[in-house]
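# Observations on chain architecture
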Amino acid sequence: MRTSIATVSLSGSLTEKLTAASRAGFDGVEIFENDLLASPLTPEEIRARCADLGLTIDLYQPMRDIEAVPEDEFARNLRRARHKFELMRRLGTDAVLVCSTVSPLALDDDALAAAQLGRLADLAQDFGVRVAYEALAWGRHVSTYDHAWSIVEAAGHPALGTCLDSFHILSRGSDPKGIEDIPGEKIFFLQLADAPLLAMDVLQWSRHYRCFPGQGGFDIAGLLQHVVRAGYDGPLSLEVFNDVFRQAEAGTTAVDARRSLLVLQESIGLASLPGPVVPTGIAFAELVTPDAEPVAAILGALGLARTARHRSKPVDLWERGEARILVNTGPAARRDGTGLAAVGLESPDPEGAARRAEALLAPVLPRRRAPEDAPLDAVAAPDGTELFFCATDRPELPNWRADFETIEYVETAGDVAGAVDRIDHLALTQPWHHFDEAALFHRSVLGLHGQESVDVADPYGLFRSRAVTNSGGSVRIALAVGPAPTEDETRAQHIALATDDVVAAARRFRAAGGGLLPMPANYYDDLAARYEFTEGELATYRELGILYDRDAQGEFRHCYTRTVGRVFFELVQRDGGYQGYGAQNAPVRLAAQHGQRPLR
Ligand SMILES: O=C(O)c1ccc(O)c(O)c1
Ligand SMILES: [Mg+2]
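Thresholds, definitions, all that
Residues numbered from 1 in each chain as written. Chains lettered and ligands numbered in written order. Predicted model: local features only at pLDDT ≥ 70, side-chain atom pairs only at ≥ 80, totals over all residues. Heavy atoms only, no water. Buried < 20%, exposed > 50% of the residue type's maximum accessible area, 1.4 Å probe, protein only. Helix = DSSP H or I, 4+ residues; strand = E, 2+ residues; numbered from the N terminus. Near = heavy atom within 4 Å. Polar contact = N/O pair within 3.5 Å; in protein donor to acceptor, adjacent residues only side chain to side chain. Areas by Shrake-Rupley, 256 points an atom, 1.4 Å probe, with all protein chains shown as cover. Nonpolar A, V, L, I, M, F, W, Y, C, P; charged D, E, K, R; others polar. UniProt positions renumbered as here; feature names shortened; annotations may be inferred. Contact = heavy atoms within 4.5 Å. Salt bridge = Lys/Arg side-chain N within 4 Å of Asp/Glu carboxyl O. Domains from an automatic or database assignment. Buried area = accessible area lost by both parts, 1.4 Å probe.

The α-helix winds at 3.6 residues per turn, so residues separated by three or four positions along the chain end up facing the same way. Residues Pro350, Gly352, Ala353, Ala354, Arg356 and Ala357 constitute the buried set of helix α13 (residues 350-359). A positive backbone phi angle near 70° is found at Leu361, which sits one or two residues after α13.

As structure tokens, this is what we get:
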């Protein structure tokens, strides 16, 4: 099906919006009246610009407060409509959206509404225009799709149909099954928007919190299935009013939008994409740093050993069990300081994973960073993190480890208490305007499941986190966004290493000279009130800065290292199937971090 996007969904000037929509691969746009009013371009120029960009103008909108009014008022409305139909002729678009009225002048009289919409359609027909009547969820007398349809049906005019908007339908809790009772050719337009499930005034909800399908809590796929069964064959058009997207870069938002439509179409069999290849583990995390020394000191204290060096680049491999961390001191690091730059995901089919990513508009990175490197499939995540699809030590596939030469190192004793053995999770802080996009990206491109989104208060604002995981939990990525007093802190990432004895791990780390993040005494007093601990247990946690959480399945104990540049490490002990990440403790941890000066 053709895809379209309302200009209101994107930021910038009309030209910027159109360019972004075209680059992302949309077939058409809905022109929002305010975008046209604010544009220096004439309607003819807008029409030409769209044509140059390969975009059709599928809808002009909105026309408001037309129907069910006293005759003298309606005469004025028709006059206004005539002006807009003339404008639409210049724009070269033949469909207009009319929202159900919110005017205090409007009467609760369906017969009058039908008669006046019929007369509007008469006039529209003279201009070759079709009128699509949409029920706003907060319409004065008409607020549900079935009510709007009954008025359109009563009017019985060929130039009058209905516009369905998933937000208005689902926010009212209407049953979308009834859509199948509307003849497909009378559904003149379909607007799609998702939204988080919030209990709030529906107008505010609609104007500020809409998001792209798959990013909220509505069953957009289910609704779309009813619309398709009704026989609708017009465009799938995204109409998303969202405070964040209004400020984000239009190009990125448009790609995010198109990705959401592709996934939506795939979910109901309207598009066929290379299937998801779910990663089975984290092969490595790659840090870049201008100065390896502080990073090496922390990794060493965490019990990892430097085991190999890249054959041609200043990259070291540190490992312990299945926990592998690359430390890259190449040129990128000198530009940007210490940070997490790349993640290797163990993939059953690296090439297939990259094909899906590409089909879902992820930027594909060159397969080789240098001629002598193993050809690895890689894409960039929305936050710029490079994701490598890896096959570690599988003879038939290129192996990233083959790029590394083993170096002599002293094997630290085998089974030490508290040794880390793998990466439990990665926490990737997202730029604030990429949060929803990041969650959809990781779910759709990588085939990971999204866990519940968690909001907690941070000393400097709201900290929001949402984890995506594979079904066994061997890949866990916590996507987060939160304000912080410094730029580095808002971009901080962390690597959580799993151990089966966090107390021993923390002690060893400290004994090896590692700096643990101290936690406030008040936190432990509160823990003592909430849970019963064995004799001495809490004193140990207090001494080491270990945090504690519990869910229905099990327990979680974790502590943090000091930050180096924009990176810190967490030691975690998960017991009995605990599924979370200690979000309860995040405000305390964040406050403790804000009070620390990072190591350079
Ligand atoms: O919020 C509004 O006014 C508005 C306008 C046009 C639409 O299509 C819509 O769904 C909402
Ligand atoms: Mg709408």
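Next comes the rest of the account.
Contacts to ligand 1 come from 15 residues, most closely from Arg64, Asp165, His168, Arg207 and Glu239. In the model, an oxygen atom of ligand 1 is placed 2.9 Å from a nitrogen or oxygen of the Glu134 side chain. For ligand 1, an oxygen atom lies 3.1 Å from a polar atom in the side chain of Arg210. Computed on the free molecule, ligand 1 has an accessible area of 290 Å², of which 100% lies beneath the protein chains in the complex. At the level of elements, β3 (56-63) and β4 (95-99) are the ones that each hand at least two residues to the shell around ligand 1. Tallied by class, residues from the shell around ligand 1 come to 6 nonpolar, 3 polar and 6 charged.

With that settled, consider the UniProt feature "binding site: a divalent metal cation" (unreviewed entry) in the protein. Mapped onto the present numbering, the UniProt feature "binding site: a divalent metal cation" (unreviewed entry) falls at Glu134, Asp165, Gln191 and Glu239. Spatially, the listed residues are clustered: although they cover 106 residues, their C-alpha atoms lie within 12.9 Å of one another. Checked against the element boundaries, Glu134 lands in strand β5 (residues 130-134). The contact partners of Glu134, leaving out residues within four places of it in the chain, are Leu97, Val98, Cys99, Ser100, Cys163, Asp165, His168, Gln191 and Glu239. When you line up the elements, Asp165 lands in strand β6 (residues 160-165). Excluding its chain neighbours within four sequence positions, the residues that come into contact with Asp165 are Glu134, Gln191, Arg210 and Glu239. In terms of polar contacts, Asp165 uses its side chain to reach the backbone amide nitrogen of Phe167, at 2.8 Å.

Applying the stated criterion across every chain, the model contains 29 salt bridges. The partner of Arg491 in a salt bridge is Asp336, and the shortest N-O contact between them spans 3.0 Å. Of this pair, Arg491 sits in the loop between α15 (487-490) and β22 (493-499) while Asp336 sits in helix α12 (residues 331-336), placing them 155 residues apart in sequence. Residue Arg491 is classed as partly exposed on the basis of its relative accessible area of 32%. A salt bridge links Asp575 to Arg557; the shortest N-O distance between them is 3.4 Å. With a gap of 18 residues between them, Asp575 in strand β25 (residues 567-575) and Arg557 in strand β24 (residues 555-560) connect regions that are remote in the sequence. The class for Asp575 is partly exposed, based on a relative accessible area of 26%. Judged by its relative accessible area of 10%, Arg557 is buried. Through salt bridges that share partners, Glu537, Glu555, Arg557 and Asp575 make up one connected network.

With that settled, the discussion passes to the domain arrangement of the protein. The extent of an interface is frequently quoted as the accessible surface area lost upon association of the parts. Looking at the protein, the domain boundaries give domain 1 (3-267), domain 2 (281-406) and domain 3 (416-594). Taken together, the contact pairs 7 residues of domain 1 with 5 residues of domain 2. Carbon and sulfur atoms make up 57% of the surface buried where domain 1 meets domain 2, a total of about 490 Å² over both sides. Considering only the surface of domain 1 that becomes buried against domain 2, Arg259, Leu262 and Glu266 emerge as the three largest contributors, covering 68% of it. Viewed at the interface, domain 2 and domain 1 are joined by 1 salt bridge.

The subject of this paragraph is unusual backbone geometry. Residue Pro62 is bonded to the preceding Gln61 through a cis peptide linkage, with omega at -10°. Here Pro62 lies in strand β3. The backbone of Leu361 sits at a positive phi, close to 70°, despite the residue not being glycine. Considering the arrangement of structural elements, one finds Leu361 in the loop between α13 and β14 (364-365). Here Asp393, not a glycine, exhibits a phi torsion of approximately 55°, which is positive. Tracing the chain through its elements places Asp393 in the loop between β16 (386-390) and β17 (404-406).

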